[in-house]
Amino acid sequence: MNNIEKRRYGKAIDAVYNRTDLNNAQKEFYLQEIDRLKFDVMNHPKPDANYGSTISVSTTDGKVIRVGEGDTNHSSIDNRLWSVVIDWGLATPQLRNDETAFHYAKSGEYGYKVIELELDEYDIESRMYFRVKKEFVFTGWEMSDKVKSYRVKINK
């Protein structure tokens, strides 16, 4: 990783660690996703006024993130929007551990997938933390409350 990639990766990790609304499983999953994508994290093209489209994401703390997308079709724009929101720590992974979710994941319905996470669990009697493996079903991403709005502009 070069210095720019390291800085971007560090920003993404910090953004997830600073989220107080995520539970331990969501944070662990999020950190694994960022680690899996570490070379692409926050590696988004700058907007070009004469080509493609510009995506602007406004946050509740007044920050505006602008990135470019070389294409103007809905699928490409949607993929870029979600990659930006995920990279900046503005998405929330939806994890479930109920029987229905496991049934759908095993049957391949709805695109659900079973994941295994190692989590810290506190034992009251011994007053110690233990690392335990637990299975969850990842059902998708949702934008966090920190996203105020987003806008897509098609460039000419």
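Residues numbered from 1 in each chain as written. Predicted model: local features only at pLDDT ≥ 70, side-chain atom pairs only at ≥ 80, totals over all residues. Heavy atoms only, no water.

Chemist: How would you summarise the pattern of salt bridges if you had to cite specific residues and measurements?
Modeler: Counted according to the given criterion, the structure contains nine salt bridges. Its salt-bridge partner being R80, residue E69 comes within 3.0 Å of it at the nearest N-O pair. Of this pair, E69 sits in strand β2 (residues 64-69) while R80 sits in helix α3 (residues 74-87), and the two are 11 residues apart along the sequence. Overall, E69 belongs to the buried group, its relative accessible area being 12%. One salt-bridge network, in which partners are shared between bridges, spans E28, E118, D120 and R131. (Salt bridge = Lys/Arg side-chain N within 4 Å of Asp/Glu carboxyl O. Helix = DSSP H or I, 4+ residues; strand = E, 2+ residues; numbered from the N terminus. Buried < 20%, exposed > 50% of the residue type's maximum accessible area, 1.4 Å probe, protein only.)

Chemist: Describe the packing of helix α1 (residues 3-17) against helix α2 (residues 24-36), listing the residues and the values that go with them.
Modeler: Interhelical geometry of α1 versus α2 gives an angle of 170° and a closest axis separation of 10 Å. With respect to α2, the axis of α1 lies roughly antiparallel. The segment α1 lies against α2, with Y9, A12, I13, V16 and Y17 engaging K27, Y30, L31, I34 and D35. Grouping the constituent residues of the contact of α1 with α2 by class yields eight nonpolar, no polar and two charged. (Axes fitted to C-alpha atoms, helices over the stretch in contact; angles between N-to-C directions. Parallel < 35°, antiparallel > 145°, perpendicular 65-115°, else oblique. Contact = heavy atoms within 4.5 Å. Nonpolar A, V, L, I, M, F, W, Y, C, P; charged D, E, K, R; others polar.)

Chemist: Residue-level account of the side chain of R19, with values.
Modeler: Note on placement: R19 falls in the loop between α1 and α2. Judged by its relative accessible area of 1%, R19 is buried. Reaching out from R19, the side chain makes a polar contact with the side chain of D21 at a distance of 2.8 Å. Apart from residues lying up to four places away in sequence, R19 is in contact with K27, Y30, G89, L90, A91, T92, S144 and K146. (Polar contact = N/O pair within 3.5 Å; in protein donor to acceptor, adjacent residues only side chain to side chain.)

Chemist: Talk me through α1; I want residue IDs and the actual numbers.
Modeler: Taking 1.5 Å as the rise per residue, α1 with 15 residues should run 21 Å; its terminal C-alpha atoms sit 21 Å apart, in good agreement. When we look at burial in α1, the residues that qualify are E5, Y9, A12, I13 and V16. Around the axis of α1, the buried residues are gathered within 95° of arc, so they sit on the same side. Summarising the geometry of α1, the exposed residues directed more than 90 degrees from the buried face are N3, R7 and Y17. In this fold, the buried residues of α1 make contact with α2 and α3. (Expected span 1.5 Å × (residues − 1). Arc of directions from axis to C-beta.)

Chemist: Would you mind going over the sheet that holds strand β4 (residues 113-123) in detail, with residue names and values included?
Modeler: Sheet strands line up and pair through hydrogen bonds in the backbone, either parallel or antiparallel. Pairing within the open sheet is antiparallel, and its three strands lie in the order β3-β5-β4. Strands at the two margins of the open sheet, each flanked by one partner only, are β3 (91-96) and β4. Averaged over all pairs of adjacent strands, the angle between their axes in this sheet comes to 55°, without regard to strand direction. Sheet analysis places β3 next to strand β5 (residues 128-143), joined by six bridges and oriented antiparallel. By the bridge assignment for β5, A91 is matched with M143. Against the sheet, α2 makes contact with β3, β4 and β5, and its axis sits at roughly 125° relative to β4, the strand it touches most. Sheet strands in contact with α3 are β3 and β5, and its direction is about 150° off that of β5. (Pairing = 2+ DSSP bridges.)

Chemist: Describe the sheet that holds β2, with residues and values.
Modeler: With respect to topology, three strands assemble into an open sheet ordered β2-β1-β6, the strand pairing being antiparallel. In the strand order of this sheet, the two ends are held by β2 and β6 (147-154), each with one partner. Neighbour-to-neighbour, the strand axes of the sheet open up by a mean angle of 15°, direction not taken into account.

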